[in-house]
Amino acid sequence: MVTCASMTFGYGKRPLFEGLDLSLEPGSIYGLLGLNGAGKTSLLKIVAGALRPNGGRVEAFGREPGARQAAFLADTAFVPEDPWLPPLKPAAWLERYAAFRPAFDRARFARLMGELSLDEGKLLTKYSYGQRKKFALASAIASGARTLLLDEPTNGLDIPSKAQFRRILAEAAEPGRVVVVSTHQVRDLESLIDPVVIVHDGKVLFSLGADDLAGRLYGARLRSLDGEPVVYAERDAVGWAALLARPAGGTEGGQAPDLELVFNAAVAAPERLEAALAGEPLPAYTPAAYAVEKE
Amino acid sequence: MNTDSLEKKFSLGRVALLIRNRAYDDAPGLGIGLAILFGLNILTLIIGRTAFMNESPEETYVAAIVLAGILLSSLAFKGMHSGKSGTDWILLPATPLEKYAAALATYLVAFPLAASGALIALSAVLSLLERLAGGPGNAIWHPFTLGTARDYGEYAAVAVAFLAGSATFRKRAILKTTGLAVAYVLACALLVYAGLALLYGPASGRDFSVSYDTGVLRVFGTEVADASGLERIFRALVDGVRLALVPGFSLAFGYFRVAEKEARDEVQ
């Protein structure tokens, strides 16, 4: 289990998190969503032990990341958005670095290398951006770490690679493991991430499970928003892509809520989303009042 | 390495793995350096029938080890500061103390031993080639002398300071550490000068000078009685600072820089 309690962190005098609380249970793939600069990467690095919080408490499976004990570091795998790899071939990399992780599963790593079509005879520095991401992902999954932190893992992957990635990530979600995926591209991972954690203005704005979302919200394409229980809507070529609140007692009908719309609703209209999740009536929707400010 | 060792706060097994990885990283550069030395010696052998390093081996071989050791020490924590590899460096499953201890063991123990072995072999090969070329066939250099032991002490004190410099400075650590050392020596010299001026304040019209010649110490024109006693105290003070205080401070400072390092680069 990973917890952050009243955690504060900032760069210089600029605060990024002020009293952030978060609790992540094993067995789930958490989707960490936030605007650019919201602190997704920093949060992952704090949980990994690469950054230290200014205050509050952070723990991962009973250990404090900032203490950087070997047992903690071996039990945590962080895959950055642009992974760095040394000028070695995979076999040499294994000899040098896997030795620090006693739980590293070499057979699983070899299988993942094959599945991801990674060339074992090539220097890691000669790998493309996507190949480096795949290699880092394979090594993180095979590491045996119980905390797996992935920063924008689908960024830069081609379409077949994204499908491969989803299959491998689904395999990585083991009962005793916490997987956290930060992403801008929620549609790439919509079928996998549950729950969704939305970070905004230095706090966790929402932590939403798939059941909560499906039970309270649904998506629809509408020509007009009049009379609809709109939580949030965006204009498209046809009319509106809308996130709607289910009427009290209603649990069926409509499309599954689009995570991108849920995220935009959380950032632009948090009070409406909160009311919809609580089953409360929504005031009339005025599109101009809820434009998402891109940073 | 087994799972139990992960619970240890300090594992010699992990330190050994870190030293091994450093050796893998440094070996190609050292091999090239050795090849260059060999090439230069062959050149002087062809021209003058003698390998230049074998002519005054006490200086040249020791200087080669010291310079290479200082260069390597000043690069020891380069990866830790890098925006890309820094996060991996920090998150490699070993404690900061193990990572720092491995750097110390590598550049204070493993490197001097390995370099000495390589240079004994180089000296032997050059000596043989000298004989074959009809030259003097100088004696083979070896480090098993009292002078080399003293040189090692000096090297260790300097290498520790350069390791601390490498842990502190993100770029050009060798230049910045050297600059700091020069500034430090100048500050010490000024302090000594100011102290002498206080003790033996110059009378008007006398030079601001300190001279020490054939056992006679003159400070601002005044001959100091018991100059040898003062010299002993001064030397003890300088050696204490140079060989104990500065290395001790560097050791602690370097360790804290490594332990406190965070991956703050390339983070939004």
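Keep in mind the model is a prediction, meaning the values are calculated, not measured.

Rules and cut-offs
Residues numbered from 1 in each chain as written. Chains lettered and ligands numbered in written order. Predicted model: local features only at pLDDT ≥ 70, side-chain atom pairs only at ≥ 80, totals over all residues. Heavy atoms only, no water. pLDDT = per-residue confidence, 0-100. Helix = DSSP H or I, 4+ residues; strand = E, 2+ residues; numbered from the N terminus. Contact = heavy atoms within 4.5 Å. Buried area = accessible area lost by both parts, 1.4 Å probe. Salt bridge = Lys/Arg side-chain N within 4 Å of Asp/Glu carboxyl O. Polar contact = N/O pair within 3.5 Å; in protein donor to acceptor, adjacent residues only side chain to side chain. Phe/Tyr/Trp six-rings, centres within 6.5 Å; stacked < 30°, edge-to-face > 60°. Buried < 20%, exposed > 50% of the residue type's maximum accessible area, 1.4 Å probe, protein only. Core = buried A, V, L, I, M, F, W, Y, C linked by side-chain atoms within 4.5 Å. Domains from an automatic or database assignment. Pairing = 2+ DSSP bridges.

Observations regarding the confidence of the model for chain A
Working step 1: Considering every residue of chain A, the mean pLDDT works out to 90; 96% of them sit at 70 or more.
Working step 2: Within chain A, no element has a lower average pLDDT than helix 8 (residues 210–216) of chain A, which sits at 81, and none a higher one than strand 5 (residues 76–79) of chain A, at 97.

Observations regarding the interface of chain A and chain B
Working step 1: Of the residues lining the interface, 31 residues belong to chain A; the matching set on chain B comes to 33 residues.
Working step 2: Three residues, W84, R96 and F100 of chain A, lead the burial of chain A against chain B; their summed loss comes to 25% of the area buried on that side.
Working step 3: Applying the counting criterion to the chain A and chain B interface returns three salt bridges.
Working step 4: Note that R63 of chain A and E7 of chain B form a salt bridge whose closest N and O atoms lie 2.8 Å from each other.
Working step 5: Where chain A meets chain B, there are 15 residue pairs in polar contact (both at pLDDT 80 or more).
Working step 6: For the side of chain A that touches chain B, the secondary-structure elements that each account for two or more residues are strand 1 (2–11), strand 2 (14–24), helix 1 (40–48), helix 2 (70–74) and helix 3 (90–97) of chain A.
Working step 7: Sort the elements by how many residues they give to the side of chain A that touches chain B and helix 2 of chain A lands first, with four residues.

A closer look at unusual backbone geometry
All names here are of chain A.
Working step 1: Residue D194 is joined to P195 through a cis peptide bond whose omega torsion reads 5 degrees.
Working step 2: Located in the positive-phi region is F61, a residue other than glycine, with phi close to 50 degrees.
Working step 3: Structurally, F61 can be placed in the loop between strand 4 (55–60) and helix 2.

Some points on the packing of aromatic side chains
Residues and elements named next belong to chain A.
Working step 1: With the rule as written, the count across this model stands at 15 aromatic pairs over all chains.
Working step 2: Here the aromatic rings of W93 and F109 are separated by 6.0 Å at their centres, their planes lie at 25 degrees, and the arrangement is stacked. Of this pair, W93 sits in helix 3 while F109 sits in helix 4 (residues 106–115), placing them 16 residues apart in sequence.
Working step 3: Judged by relative accessible area, which is 3%, F109 ranks as buried.
Working step 4: Ring plane angle 85 degrees and centroid distance 5.1 Å describe the contact between W93 and F135, whose orientation is recorded as edge-to-face. Placement of the pair is W93 in helix 3 and F135 in helix 5 (residues 129–142), with a sequence separation of 42 residues.
Working step 5: The class of W93 is buried, set by a relative accessible area of 12%.
Working step 6: Given a relative accessible area of 0%, F135 falls into the buried group.
Working step 7: Chaining the aromatic ring pairs together yields one cluster made of W93, Y97, F104, F109, Y127 and F135.

Structural notes on the nonpolar core
Working step 1: F109, F135, L169, L217 and L273 of chain A are the most contacted members of the largest nonpolar core, which has 81 residues in total.
Working step 2: The leading source of residues in this core is helix 9 (residues 259–268) of chain A, at eight residues.
Working step 3: For this core, the two domains that each supply at least three residues are domain 1 (2–208) and domain 2 (210–290) of chain A.
Working step 4: Apart from the residues lying within four places of it in its own chain, the contact partners of F109 of chain A are W93, L94, F104, F135, A138, S139 and A142 of chain A.
Working step 5: Core analysis: the next-biggest nonpolar cluster, separate from the first, contains 63 residues, I65, A103, L104 and W141 of chain B among them.

Describing the pairing of strand 11 (residues 230–235) of chain A
Residue and element names in this part refer to chain A.
Working step 1: Where strand 11 and strand 12 (residues 240–245) come together, five bridges link them in antiparallel fashion. Of the residues in strand 12, the one forming a bridge with Y232 is L243.
Working step 2: Counted between consecutive antiparallel strands, the loop separating strand 11 from strand 12 contains four residues.

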